[in-house]
Amino acid sequence: MDEVVPRLFSLLVLLTMATNASVFAQAQESANCVNCHKEQVKQWQVSDHAKAMDHATNSSVFADFDNSTIKHFTQTAHFFKNGSKFFAKLTEGGVTTTYPITYVFGHYPLQQYLVETQTGQFQVFPFAWDARDKKEGGQRWYPNYPSEDMAINDRLHWKQPLQNWNGMCADCHSSGLKRNFDTDTLSFNSQFDEINVSCKSCHGDVLSHTDNNNSDFEVNDTELSHLSGPVDESRKKFTIKPHSLSQNEQKSLGKWLLKEGSSIASWHEKKDGEFVPASRNNSFMDTCFACHSLRSALTDGIEPQQPFLDQFSPSLLISPLYFADGQIREEVYVYGSFLQSRMYDAGVNCIDCHSPHSMKLKIEGNGLCLQCHSVDTFQGETHSKHTQSEEANQCINCHMPSRTYMGVDARRDHSFSIPTPHISAKTDAPNACINCHDKDNAWVSKQLIQWYGRDSTLSSTEEDYVSLIHGNTFSNQAILRIAHSASLPVIKRATALTMLPSTNQPLNNKDLRHFIQSKEPLIRLAAAQAGRALPLHERMKTYVKLLDDEYRAIRIAAANNLIDSGLKSKSFSNALSELTLSNKINQWRGEGSLNQSLVEYQLGNVGQAEGLLKQGIGVDPYFEANYINLAEFYRAQHKTQLEKQVLLNGAENMPKSDLFNYALGMFYIRNQDKPTALTYFKKATALAPDKPQNWYVYALALDSIGETETGVSILKNAIITTPDSSLIKLGLSLSRKLGDEDSTRFFQSKIRQ
């Protein structure tokens, strides 16, 4: 998914649905999988994949629809049945509406419910069922945002695009899903092949699988009788050879072996009758990553046989998604954390730990880790320093600490981190020791040194990386040294590269050439994204080669930074078309229209850019960026009244947004109405006191009307909670202007700190 406000991330895994495709396709897939892979299907049936989504029936609905009622702030929901149908009556804003429940979404720990609010458009209802045992606090109706009153003018209100099933997560909860969003009618005609995550989601086209083998398998009428609808007689017969393996499958056969004297196993493959160390091909995980990642969709739907970076552009390890040391913060779905782990680097893949069809852990407890980690070295008090009866003796509690999302769902961090107390102290990143003990990081450090002789396993490069991501100032060359370091995981090196534009320091072709030519796709993707920091004439050198990259995500990122280059090449034209398509399929929410408006504006298509911004406001009326950009569009055209009206409309729709008050303040400053500007700047500071720029312009505006002393006073108060260097420097400058020695010394002392 694209980046959105952090509150959204706990929602993403909860959304999904659509309408059935051809009965024949389901019949063939069912016969193919069930008849030849009975054990695998049996395992799949108990998986979360099998229960990702379903029609609302007596067997699939877990919640209490026996005239139960829940009240949450200004919303009241009443749940009831009428025959075999399920309904929810919701009262909000003084209006009561009854909604039929069409689909159930997920099953544990929360089950959500989908309703059709417009033809073909499904939204997630604002109350879910807590399916946990009553002893755990479950068996109750649960508001999706328990601590907030989600008003209609909040972007996360249940009727807004970010709560929309079709766009948000449908592609991951049903097989063969196509969103089919029509940008002319602004409506969906979403379709899926199977309602849940079936064999096809991971294995792709079953018919292709069978056609690649050379024995016939007859499907008879009895075997197809469980499906309704006509079956094409001419296509009943298809080929299958269930025990054959492809060349890639044969090549990947191997095992983890623990060498004598080694404490950790390494991957071996059979060669000339003997198992020898080998580098493992884990490319199949691209299929897992398609859903188990926070990413932006580049195409409509998921093709299991296609590389991940041909279909998605993943979010890297940036704030606020991750803590500075790489631990998960928001709900990011495993990809980013696992790729930075030593496990991934060693060749471990998802199904080393998880059964490929049930997705359950292969072994419970420490036995799972001890498949590859020596019992003598890693099991027991010698390593964990905790007795076998203690929770801390479990590997996962130290190296995979959990974080709770959706209020009740604890998820394990897959970066397999080691507690590092001094990093926690500097960055507020959690660590497993503090999670369990009511102590400070100094205590943790002392214990680790006492037990292991050190309290950190980080190299100096890793320390620099954490410092960079935490927000400390680095030069381009310092960032490039981090990105060049072979000791860092590739995803961390890539993340560091994307920090280059934030330095505002000049880059040249030589700085990025090595990364543009890297064999690592994520490094090339990061280089493509960082390319906007290159002056245009430097982008016309090695950088343009990224337009012909193997992966769509990289081509699109490069094209986005070459729109204003005047390029007329076929490579640029093709990549620009891919960029336009990726924006188009995401125009069901504000970001898609915004991104494409920027493309059109740079291409000189001013009218189209304006229309897209207006469309974005209509589709996603509580997304600030389209209003701000449309106002800037009118300002550039000297259409002052239109600029003002757009900003006022935004402020009216989103009265709690500091951004519109800031923008209106700037509008009145430009139009020489400083007193009015002051009222908006003051309101912006009240709405977002943690944003330094709000205080900065407020103090400057006070100074401009002769109220410099008041400006100094508000800056003194502001830096107590927002100790930003720009505020301190401004306070010092204004104090000197006043000749106020006490205030000057105050701000000087803050600089020294």
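Residues numbered from 1 in each chain as written. Predicted model: local features only at pLDDT ≥ 70, side-chain atom pairs only at ≥ 80, totals over all residues. Heavy atoms only, no water.

Draft legend 1. Local environment of the overall build of the chain. If you tally the helices and strands in the chain, you get 36 helices and 21 strands. Here the chain, with 753 residues, has 49% of them falling under the buried criterion. Intrachain contacts of the chain at a sequence separation of at least 6 include 56% that bridge at least 24 residues. Summed over its atoms, the accessible surface of the chain is roughly 36,300 Å², and 50% of this surface lies on carbon and sulfur atoms. (Helix = DSSP H or I, 4+ residues; strand = E, 2+ residues; numbered from the N terminus. Buried < 20%, exposed > 50% of the residue type's maximum accessible area, 1.4 Å probe, protein only. Contact = heavy atoms within 4.5 Å. Areas by Shrake-Rupley, 256 points an atom, 1.4 Å probe, with all protein chains shown as cover.)

Draft legend 2. Up close: the nonpolar core. Core analysis: the largest hydrophobic core is formed by 78 residues, its most contacted members being L468, L497, L500, F515, L522 and Y543. With 7 residues, helix 23 (residues 521-530) is the single largest residue contributor to this core. In this structure, L497 is in contact with L480, A483, L512, F515, I523, A526, A527 and A530, ignoring residues within four places of it in sequence. Ranked by size, the runner-up nonpolar core spans 41 residues in total, among them V646, A663, Y698 and I719. (Core = buried A, V, L, I, M, F, W, Y, C linked by side-chain atoms within 4.5 Å.)

Draft legend 3. Region of interest: the environment of T119. Relative to the assigned elements, T119 resides in the loop between strand 7 (110-118) and strand 8 (121-124). Owing to a relative accessible area of 74%, T119 belongs among the exposed residues under this scheme.

Draft legend 4. Quick peek at the side chain of Q75. Its location among the elements puts Q75 in strand 3 (residues 75-82). A polar side-chain atom of Q75 sits 2.9 Å from a polar atom in the side chain of E92. Beyond its immediate chain neighbours, meaning those up to four positions away, Q75 contacts I70, L90, T91, E92, P126, F127, M150, H157 and W158. (Polar contact = N/O pair within 3.5 Å; in protein donor to acceptor, adjacent residues only side chain to side chain.)

Draft legend 5. The sheet that holds strand 16 (residues 266-271), seen in detail. The 3 strands lie next to each other as 15-16-17, forming an open sheet whose pairing is antiparallel. Either end of the sheet is taken by a strand with one partner, and the two such strands are strand 15 (254-257) and strand 17 (274-277). Going across the sheet, the axis of each strand differs from the next one's by a mean of 45°, ignoring polarity. By the bridge criterion, 4 bridges tie strand 16 to strand 17 in an arrangement that is antiparallel. Counterpart to H268 in the pairing with strand 17 is P277. (Pairing = 2+ DSSP bridges. Axes fitted to C-alpha atoms, helices over the stretch in contact; angles between N-to-C directions.)

Draft legend 6. Structural context of empty space enclosed by the protein. In the structure shown here, the tally under the stated rule is 3 cavities of 30 Å³ or more. Here the largest cavity is characterised by a volume of approximately 100 Å³. Together, 13 residues line the largest cavity, and Q75, P126, N144, Y145 and M150 are the ones closest to its centre. Grouping the amino acids of the lining of the largest cavity by side-chain chemistry returns 7 nonpolar, 5 polar and 1 charged. (1 Å grid on protein atoms, 1.4 Å probe; cavity = no way out; pocket = protein on both sides within 12 Å on 5 of 7 lines; lining within 4 Å. Points joined across faces, edges and corners; volume = space filled by probe spheres on them. Nonpolar A, V, L, I, M, F, W, Y, C, P; charged D, E, K, R; others polar.)

Draft legend 7. Expanded view of the packing of helix 30 (residues 640-653) against helix 31 (residues 658-670). It is at 9 Å that the axes of helix 30 and helix 31 come closest, and there the two elements cross at 155°. The angle between helix 30 and helix 31 places the two elements in the roughly antiparallel class. Classified by chirality, the crossing of helix 31 by helix 30 is left-handed. Facing helix 30, whose interface residues are T640, E643, K644, L647, L648, G650 and A651, helix 31 presents F660, A663, L664, F667, Y668 and R670. (Parallel < 35°, antiparallel > 145°, perpendicular 65-115°, else oblique. Left-handed = near helix turned anticlockwise from the far one by under 90°.)

Draft legend 8. Spotlight on unusual backbone geometry. Looking along the chain, the bond that leaves Y108 and enters P109 is cis, with omega of 0°. For P109, the position within the fold is in the loop between strand 6 (103-105) and strand 7. Residues S319 and P320 are joined by a peptide bond in cis, for which omega reads 5°. Tracing the chain through its elements places P320 in the loop between strand 19 (312-314) and helix 10 (335-339). Look at D428: it is not a glycine, yet its phi comes out positive at around 70°. By secondary structure assignment, the location of D428 is in the loop between helix 16 (421-427) and helix 17 (432-436). A residue is classified by how much of its surface remains accessible, and D428, at 64% relative accessible area, is exposed. For H638, which is not a glycine, the phi torsion comes out positive at approximately 60°.

Draft legend 9. Seen up close, the confidence of the model for the chain. Summing up the model confidence of the chain, the mean pLDDT is 90 and the portion of residues at 70 or higher is 89%. Here residues 1-27 is modelled with pLDDT under 50, and outside its nearest four sequence neighbours on either side it reaches 115 contacts, counting other chains as well. Per-residue pLDDT stays below 50 along residues 213-245; that stretch engages in 55 contacts with residues further than four places along the chain or on separate chains. (pLDDT = per-residue confidence, 0-100.)

Draft legend 10. Spotlight on the packing of helix 35 (residues 725-738) against helix 36 (residues 741-752). Here helix 35 crosses helix 36 at 155°, and the two axes come no closer than 8 Å. As the angle between them shows, helix 35 and helix 36 are arranged roughly antiparallel. Judged by the sense of rotation from one axis to the other, the crossing of helix 35 with helix 36 is left-handed. Only S743, T744, F747, Q748, K750 and I751 of helix 36 make contact with helix 35, whose side of the interface consists of I728, G731, L732, S735 and R736. Residue composition of the contact of helix 35 with helix 36, by class: 4 nonpolar, 5 polar and 2 charged.

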